[in-house]
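Residues per chain, in single letters:
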Amino acid sequence: MAMTGTASASASKATRRRVLIALVGVVLLLAIAIDTKVVAIGGDEDLRQQAFNPDRFGAQEFPRIRDYVTGKAPEAAALADELAADRAAAVAAYGTMAGAFPVMPVTFTGTVGEGKSGIFDVMVDGLPEDAGVRVQTGPAINGTELRDIVGDIEFGTFKNQIEYQNAGAGINRAMAGEILPDLDREALPGKTVTVTGVFTMINPKNWLVTPVAFEVQ
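Predicted model, so just to flag it, every value in this text is computed and none were measured.

Description of the nonpolar core
One recurring pattern in soluble globular proteins: nonpolar side chains tend to sit buried together.
Point 1. If you look at the biggest cluster of nonpolar residues, it comprises 46 residues, and the most contacted ones within it are Phe108 and Trp207.
Point 2. Considering each element in turn, this core owes the most residues, 6 residues, to helix H7 (residues 161-179).
Point 3. With residues up to four places along the chain from it excluded, the contact list for Phe108 reads Glu75, Ala76, Val122, Val124, Val133, Val193, Thr194, Val195 and Val209.

What follows is the structure, encoded as structure tokens:
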């Protein structure tokens, strides 16, 4: 009889231990559930959405950059005259400083000449004979002029230099996707084009223009 009582007591203890373990497991599961936050994929709290996306940034920023440039750009011949007369005044009137050099807006109509790697000479009436204008048409668009022209897309608003550079590339891609997607580059020489865009004025007589508007007549 003593052995039977002992066995019964042991079984009872084992049962209580199993129940206790089960209860602890339930409590842990409830704690995990309370502490877990469900985040929808693609929602505002999805961390992947918080990472910098240069193409999304470019698509967001390009429309206002285009409007800013088209609203401020002088005719090429008039700009050349103003630069020759008083470079500092012309830069102050139209340009945005980006490091050591100003970024300038300009608009012109001219005849397309020879091109290489998507960069074409354009002959523009009214410019000095020693002045040259080129326009880049892609597919690859280089430079940060579109990023820099508005003056308020600054390095300090980005995490690091890589993001800052990628912002410029994203704007360039947004521009190319909007105004240059169907451009027949092989057929451009000899055509008349109207271009509005920006260039970094390193050499005041050699402008490499990144467009915000490009029309083939």
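Quick look at the packing of aromatic side chains
Point 1. On inspection of all chains with the given rule, the structure shows 6 aromatic pairs.
Point 2. Both rings, one in Phe57 and one in Phe158, keep their centres 5.6 Å apart while their planes meet at 75°; by these two values the pair is edge-to-face. Of this pair, Phe57 sits in helix H3 (residues 54-72) while Phe158 sits in the loop between helix H6 (145-148) and H7, placing them 101 residues apart in sequence. The same class applies to Phe57 as to Phe158, namely buried.
Point 3. Residues Phe199 and Trp207 carry aromatic rings whose centres are separated by 4.7 Å and whose planes lie at 15° to one another, so their mutual orientation is stacked.
Point 4. Since its relative accessible area comes to 0%, Phe199 is described here as buried.
Point 5. Its relative accessible area of 2% is what places Trp207 among the buried residues.
Point 6. Taken together, the aromatic side chains of Phe52, Phe57, Phe155, Phe158 and Tyr164 make up a single cluster linked through ring pairs.

How each quantity is defined
- Residue indices follow the written sequence of each chain, beginning from 1 at its first position.
- Local features are withheld for residues below a pLDDT of 70 in this predicted model, meaning they are given only at 70 or higher, and side-chain atom pairs are given and counted only at 80 or more; totals for whole chains, interfaces and linings count all residues.
- Only heavy atoms go into the side-chain values, all of them from the structure, while hydrogens and water stay out.
- By nonpolar core is meant a set of buried Ala, Val, Leu, Ile, Met, Phe, Trp, Tyr and Cys residues that side-chain atoms within 4.5 Å join together.
- Note on exposure labels: buried denotes an accessible area under 20% of the residue type's maximum, exposed denotes more than 50%, and partly exposed covers the range between, all computed with a 1.4 Å probe on protein chains only.
- Put simply, DSSP marks the helices as runs of H or I at least four residues long and the strands as runs of E at least two long, and each gets a number from the N terminus on.
- Contacts between residues were defined by any pair of non-hydrogen atoms, one from each residue, lying within 4.5 Å.
- Classification of ring pairs rests on two measures: the distance between centres of Phe, Tyr or Trp rings, Trp counted by its six-membered ring, which must be within 6.5 Å, and the angle between planes, read as stacked under 30 degrees, edge-to-face over 60 and tilted in between.

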